[in-house]
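A closer look at the structure
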Amino acid sequence: MKKLNILTIAIALITLLGSCSQDLLDTPAPNISDASFFTSDEAAYDVLVGVYDPLSRYNYSQIHEWMIGDVVSDDAEKGGEGHGDWAECQDLKNFRANTENSILLARWREPYVGINRANKLIEGIDGNENISMDVQKRYIAEAKFLRAWYYFHLVKVFGGVPIVTSVLQPSEFTLPRNTEAEVYAQIEKDLKEAAPELPFKTEFKDPVTLIDQEAGRATRGAAEAMLIKMYVFQEKWSEAATLAQSFIDNYDWYDLEENYADVFTKKGENGVESIFEIQHLGVEGDDEWGDSNDGNVTAIYQGSRELYNGDGEIVSGWGWGFNLPTQDLYDEYEDGDLRREATIIDDKDVLWEGSDDEEIICTKHINSIGYDAKVYHSKKYYIPASERLNMSNSSNNWRAIRFADVLLWHAEANAHTGGDWEYGVNRVRARVGLDPTSSADALEAVYHERRVELAMEGHRYWDLVRTGRGNLMNGYSDNKRLMPIPQAEIGLNPNLEQNPY
Amino acid sequence: MNENPINGISIRLCVMQIGRRLFFLLLFALIFSTVQVFAQNEVNIAGNVTDISGETLPGVNVSVKGTTNGTITDIDGNFTLTVLENDVLVVSFVGYKTQEVSVNGQVKFEIVLEEDVTDLDEVVVVGYGVQKKSDVTGAISTVKPEELVKRDVATVDQALQGQMAGVTVTQGSGTPGESPNISIRGLGSLNNTSPLYVVDGMMLDDISHINAKDIESLQVLKDASASAIYGSRGANGVIILTTKKGKAGQGKVSFSGYYGVQNFAHTPELTTASEWGMLNNEALLASGQAPLYNNPEALGRGTDWLDAISKKNAAIQSYDLSFSGGTDKSTYFISGQYFNQDGVINKTNYERLSLRVNTEHQIKDWLKVGENLTVTNSSQSTVLEGDEWNNLLITPLNMEPVTPVYNEDGSYAASKNQVNNPVAAIDNTFNKDKSFRVLGNVYADVTLLKGLTFKTNFGANFAFDEGNDYNPVYYVSNTDKNDVNTLFKGHDKETSISWTNTMNYHTTFGENHDFSATAGTDYYEQKFEWDGTTVSNLPTDDEKYRVIDNSRNKKVANSYGSFFENRQISYLARVNYAYNGRYLLTANFRADGSSKFGSNEKWGYFPSFSAGWRIVEEDFMDGVDWVSNLKLRAGWGQIGNQGAIPAYTQSTLASTGLNYVFGIPKSIISGSAFQSLGNDEVKWETVETTNLGLDFGFFRGRLSGSVEYYIKNTRDMLLTPPVPGQTGIETPPWLNAGEMKNTGVELGLNWQDRIGQVRYSIGGNITTINNEVVSLGDASQIDDGDFRSSGNVNRTVVGRPVSNFYGLVAEGLFQNWEEINVYYQNAADGVPDNVAPGDIRYRDADGDGEYDYDFIGSPIPELTYAFNGSISYRGFDFNFLLNGVYSIDVYNGPGYYQLSSRAYWNTAKERLNRWTGEGSTNDPRNARMVNDDSHNTRISSRYIEDGSYLRIQNVQLGYTLPESVVAKLKLESLRVYVSGQNLYTFTEYTGYDPEVGGYGTSIGLDRATYPVPRTITFGMNLSF
């Protein structure tokens, strides 16, 4: 009898698990899923910040803008330890990039991360009754501004790319490329829809406390400046001239910094000349790398590899010595142009003389790695020792669009339409104490001014390409106007047609 | 007898060699040894021992059961002994079956020992039960515990290297305490290829905390028909460990210990300061620069940086004490072990203290209960490893030899070339992980009816880990410094519970039918929680004050924490049927439900079948005396795999911490995004195996072995294949997308015999691996193994093994300008600026100036093999184990630096044979010296090296003191030995160690791997 009882118990034990099994297999995740995320304005704000986040990515704005914008152009050499250091960047510069180039792969993928996040936000809040109307309007406008921003960073490197304006289903993963014109049309549409819904920069400052908690977010000014830039890139000169004129006339809170060099220091950050900046903030003691923090890696990349100590001996510098201004750029400056000193550092230059940050720059290493002509260190993102944190952790912002750029677009557009091109050129010249331009050739004057005013800010390569002056760069030919699409992407989406290169 | 002097010498030698600590433990053991009391009637007995053929056997142990009284037979096989009338004699000899003979008042004995060569009656632990080895139909390998403990290594998995066909153990890092990668029968998946470990019925992912000396048996289930009973977790094979139980009879105390030293057997050959200075000058001159060293000769040898951060003789030691025994009703096994291994690189160490209590009690005649409990406390200190920029094995290779360790004022000297000073880096490394684990199970066996038993087993595994990392403030140079001290504390906690209930039935009917069945349920639950905090700016770097509360910024600390949980429910069944001991059939079935899968895909069903034919039992084999065993086996089965997939992949989840900066003043604003894409249709990966095996024993079992052929197909392989960039998805969804095929042959052979008093055995195993990716779903390739942010080294594509190396093909060197001009004549962009004679000629088949990318090597070996042998003569025994890997490639990552044309970092000695002019060399490893090296440093076959090796893994010489001597010491046995691990490696590989490791889609990329040290140990085993 006893044994039979035990048999019963045993059978009971075996069946026990069966009866409650399905419930046990449902284990809830500790993260919130997309299905139930957008329940409040605060939740929407978190996702909005997530749309901004890719702006400051290491493999994107932090290095690409200057690795392509400056290094590939005639303004700079790559630098670093030597030619093998970031050899893929050297390949771009030599116009010998291949489809395995990892810079191009990241360049293709990273903007789409931002685009996808923007799409996800728009779909999540548009018409969602949990989200207040004001918030819906403004956040969707910001998402559209950012989406346009990301598309521009694709189109200026690869030309036409697939346009994605919604969260894709797996069946839509392999859309083919749209044309370059279609991408620009999408960008224009987003910017035009966004601009009226965005606040002005002046609205950011709390009128009572005078605290600005929103600096860095998209503004109407930023959207319109970006739209001017899009017109310029498409050579829609009259639209560009008109919008730039209205921008200069109506948005009087934008002006040039009094002192050119201040634009790039802490003082000029988010200042009067700033239209849109990629924001960075390092945290003391943070030794993470790349995208694991919100600092900027540009500073250490461009910092001096070597310094002189007080005894004139060469000691290790703090940076890696990339993005080195060329003699050709040096020579572009007119005598007495203050901007040269604010852009280029020569051997034995003493920075922050007399302060605790004082250091004497040595350019011996960078001139020993095999360039044909003399190279220099770049100054615009060179920050003093007291502002440097670990590695990728510096707090200086990337100046993406500043008022001088708008003035020079105004000049360039007017040079094409026969309008007043001298206004913009002379205004930026006057700021640095130079006489009005004496050039009779409007375009030549604008091109010269753009080069020296905006040097080492990641614009030169695209300026040369869009104005048909690519042949100023060694190895350039017209089929190199667009860079090759990474083989890895074509492998994943065979519908992508390769660029000629 | 002449053993005495030898004995004395041995003990003295041993004491000198193994050190004072061992000596005290030996004393301790002696003090505790019991003194026998003789009370019954004593009789003097005599006897003779022979084998079946009538040949006398010398050196046979004859002892009285349960005592230390005993002797050994002389050269003619004779023995005499004084015993009590009712004693039982235990007659044992290596290679023969142990016999027990009751004295029963007799005084003359003729004992015939049967050779124990085929181990056919040996019992094998299969999943959820045991089986006679002769009845096994699946592919199961057994490692004898004595083979495991021969290897003086930290963990059981390390000791498995070379022991079995089909089981590949790759050590990877030699950092003390690091577990090796183990794969059984190739790589079944692109993700998780680690086998399942089952310790006393408890499923585990790692066994680094198990004391090898506690192991009673170790089985490896290799094919689906054997491991299907473990269903979803058995796809990569199963390693089943059973820990020791006490045996009824007198208590036994065992002690073993060893002490040894370790060093690096091989390190890369680098240039001296004067050689380096000369090459550096040459590179600068070639680029039109002024050389830096006026007189390189005068620089001499310079600094040996590896020497500066490593030990000549790093200590390794292990001490183990166990107590076992019991009565007919209750048995116990209690053990403790202390293990401590210093790394050869300074500041690396692994220390472990483990305790075990196993008991078993027959409470009623129908009820047996027992428990196994082990508690382990370990700590591991490591230095930065595995990154190709600053890891502590690469910086000592890169640091220029002309720089001293310290400046004249005693401060650390700075590199001229932005390499971090390795000595400063190590001095400022404070990295310690601590781990506390409790693993235990309780079980009850209930006999319900004759032949029907019920077993319930409840197991729990608790692991608490603590990570500690401190970076003090230091300054070597502007790029080699830390301005703000930081303190990291991390914790994780794993709790897993399993509860298994099985019913077993066994019966025989008719004359020849043997039937058994098992059915049961299994519940498994795992919860993993973690958190960590980094704070900075502590007021002092003093070691005493490294707590979070001392940080000046603890309120804005950087922190993380979360958990995951997964559960699994299983139903299992097995039927075994044997007819006449000749025809064997096994069927397994298992249904698994897992919380990790989509709502409609939680359950997977996994059947397997196998059959065996014991040909040797057939009538027609009668009279074929030279065949002692012949069995043909065949099996087929499907098993699920879910090891790779994390919890919660079914839905698209928000990630936080995707922050951005707003405001004046700036502040970091928390952001969220949906980086992944959920897939609610994700389901089980299925591994289907077909196995054919033949077990054989010939010449009375002198030659034995088995040969197996298998096909292992993985379907619905769980993958996260990359998705097109235009989707913006950062973490691709888990899909059942791929297919993989592994086939192979495994051969194990063993020959054992004796010549007079010399017994010997020699054996070996060979495993062929043929791995092929059959499908990657929609993806055409998976790239992995990024090196120096300059592109990926590994590419996985359909139709090839996983993780091939992919890059340019370095064919030779341009010898003159004419060659260059011809080569680039059709190149659209002409001759690149930086190419000159002496630079690498990459393959360009169509001559368009675009170099050809191709598959340039495979890190998957074609063959792994091992040889082992033993020889014993009287008390002496000698063993060796060699293992090797054949036809495998390694990507020598550090070659980027050491083969560089610049001599900027320290340089491989072979660069002294660089190209110096037309005809000097055509070896692409030895391009000219020049400061612009970008043409020569592309990912190419230049860095691919043959990673084949043959390693003298273990050599051991031992001496077991004769019973007669040991008895006088009141001991049961005493053996002393000297052992060498990893004594020498025959290889062409120029890096530290060809055993590079890696997993998934990035295998075989050497980022300067911490080599496995060479170890010499002295040890002893004694029991009483």
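Residues numbered from 1 in each chain as written. Chains lettered and ligands numbered in written order. Predicted model: local features only at pLDDT ≥ 70, side-chain atom pairs only at ≥ 80, totals over all residues.

In plain terms, the rule: UniProt positions are given in the numbering used here, feature names are shortened, and annotations may be inferred rather than shown by experiment.
Looking at an unreviewed UniProt entry, one finds chain B named TonB-dependent receptor, with Carboxylicivirga sediminis as its source organism. According to the UniProt record, the Sequence similarities (unreviewed entry) comment for chain B reads "Belongs to the TonB-dependent receptor family." UniProt annotates chain B under Subcellular location (unreviewed entry) with the comment "Cell outer membrane".

By the naming in an unreviewed UniProt entry, chain A is RagB/SusD family nutrient uptake outer membrane protein, taken from Carboxylicivirga sediminis. According to the UniProt record, the Subcellular location (unreviewed entry) comment for chain A is "Cell outer membrane". Check the Sequence similarities (unreviewed entry) section of the UniProt entry for chain A; it says "Belongs to the SusD family."

1. What about the overall build of chain B?
Note the following rule: Numbering of helices and strands runs from the N terminus; a helix is a DSSP stretch of H or I covering at least four residues, while a strand is a stretch of E covering at least two. For a compact globule the rule gives 2.2 Å times the number of residues to the power 0.38, and the radius of gyration it is set against comes from C-alpha atoms. A residue is called partly exposed when the number of other C-beta atoms within 10 Å of its own lies between 12 and 20, exposed at 12 or fewer, and buried at 20 or more, with C-beta atoms placed from the backbone. Once C-beta atoms are placed from the backbone, any two residues with those atoms within 7 Å are in contact.
Of the regular secondary structure elements, chain B holds eleven helices and 56 strands. The C-alpha atoms of chain B give a radius of gyration of 32 Å, which matches the 31 Å a tight globule of 1024 residues would have. A total of 1024 residues make up chain B; the buried ones form 50% of that total. For chain B, restricting intrachain contacts to residue pairs at least 6 apart in sequence, the fraction spanning at least 24 positions comes to 70%.

2. Topic: the sheet that holds strand E55 (residues 1005–1006) of chain B
Strand pairing within a sheet occurs via backbone hydrogen bonds; the two strands may be parallel or antiparallel. All names here are of chain B. Convention followed: Any two strands with at least two DSSP-identified bridges between them are counted as paired.
Across the sheet, three strands lie side by side as E50-E49-E55; this open sheet has mixed pairing. A strand with exactly one partner marks an edge of an open sheet, and here the two such strands are strand E50 (944–946) and E55. Note: strand E49 (residues 889–892) against E55, two bridges, orientation parallel. Bridging from a neighbouring strand, Tyr 891 pairs with Leu 1005 of E55.

3. Description of the domain arrangement of chain A
All names here are of chain A. Where we set the bar: An automatic or database domain assignment supplies the residue ranges for each domain. Here the term charged refers only to Asp, Glu, Lys and Arg, the term nonpolar to Ala, Val, Leu, Ile, Met, Phe, Trp, Tyr, Cys and Pro, and the term polar to all other amino acids, Gly among them.
Segmentation of chain A into domains returns domain 1 (36–277 + 397–492) and domain 2 (293–387). Summarising the inter-unit geometry, the C-alpha centres of domain 1 and domain 2 are found 26 Å apart. Domain 1 puts 31 residues into the contact, and the matching count from domain 2 is 30 residues. Of all elements in the fold, only helix H4 (58–62), helix H5 (64–71), strand E1 (76–79) and helix H17 (442–453) reach the threshold of two or more residues within the side of domain 1 that touches domain 2. Counted by class, the side of domain 1 that touches domain 2 contains 14 nonpolar, eight polar and nine charged residues.

4. Some words on the nonpolar core
Quick reminder of the rule: Each nonpolar core comprises buried Ala, Val, Leu, Ile, Met, Phe, Trp, Tyr and Cys residues, the members being joined through C-beta atoms within 7 Å.
With 191 residues, the main nonpolar core has Phe 145, Leu 191, Ala 223, Met 226 and Ile 228 of chain A as its most contacted residues. With 14 residues, the top contributor of residues to this core is helix H8 (residues 133–158) of chain A. Grouped together as the second largest cluster of nonpolar side chains are 55 residues, Val 136, Ile 182, Ala 226 and Ala 228 of chain B included.

5. A short note on the domain arrangement of chain B
Taken domain by domain, chain B holds domain 1 (33–113) and domain 2 (652–681). Domain 1 of chain B and domain 2 of chain B are separated by 78 Å when their C-alpha centres are compared.

6. Structural notes on the interface of chain B and chain A
With 84 residues of chain B at the interface, the matching set in chain A holds 82 residues. Ranked by residues supplied to the side of chain B that touches chain A, first place goes to strand E28 (residues 558–579) of chain B with seven residues. Of the residues that constitute the side of chain B that touches chain A, the class distribution is 32 nonpolar, 40 polar and twelve charged.

7. As for the environment of Ile 820 of chain B
Residue and element names in this part refer to chain B. With respect to the secondary-structure elements, Ile 820 resides in helix H9 (residues 817–823). With 19 residues separating them in the primary sequence, Ile 820 and Asp 839 have C-alpha atoms 9.6 Å apart. Setting aside its immediate chain neighbours within four residues, Ile 820 contacts Phe 814, Val 831, Val 835 and Pro 837.

8. Things to note about the UniProt feature "domain: TonB-dependent receptor plug" (unreviewed entry) in chain B
Per the UniProt record, "domain: TonB-dependent receptor plug" (unreviewed entry) is found at residues 133–238 of chain B. For residues 133–238 of chain B, the helix share is 13%, the strand share is 25%, and the end-to-end C-alpha distance is 17 Å.

9. Some points on helix H11 (residues 237–250) of chain A
Residue and element names in this part refer to chain A. Basically, it comes down to this: One less than the number of residues in a helix, times 1.5 Å, gives the span that helix is expected to have.
Its 14 residues give H11 an end-to-end C-alpha distance of 20 Å, which sits within 8% of 20 Å, the value for a rise of 1.5 Å per residue. Listing the buried residues of H11 in full gives Ala 240, Ala 241, Leu 243, Ala 244 and Phe 247. In the core, the buried residues of H11 are packed alongside helix H10 (220–233) and helix H15 (403–417).

10. Overview of the pairing of strand E24 (residues 474–477) of chain B
All names here are of chain B. Note: E24 against strand E25 (residues 480–482), three bridges, orientation antiparallel. Counterpart to Tyr 475 in the pairing with E25 is Lys 481. Between E24 and E25, which follow one another and run antiparallel, lie two residues.

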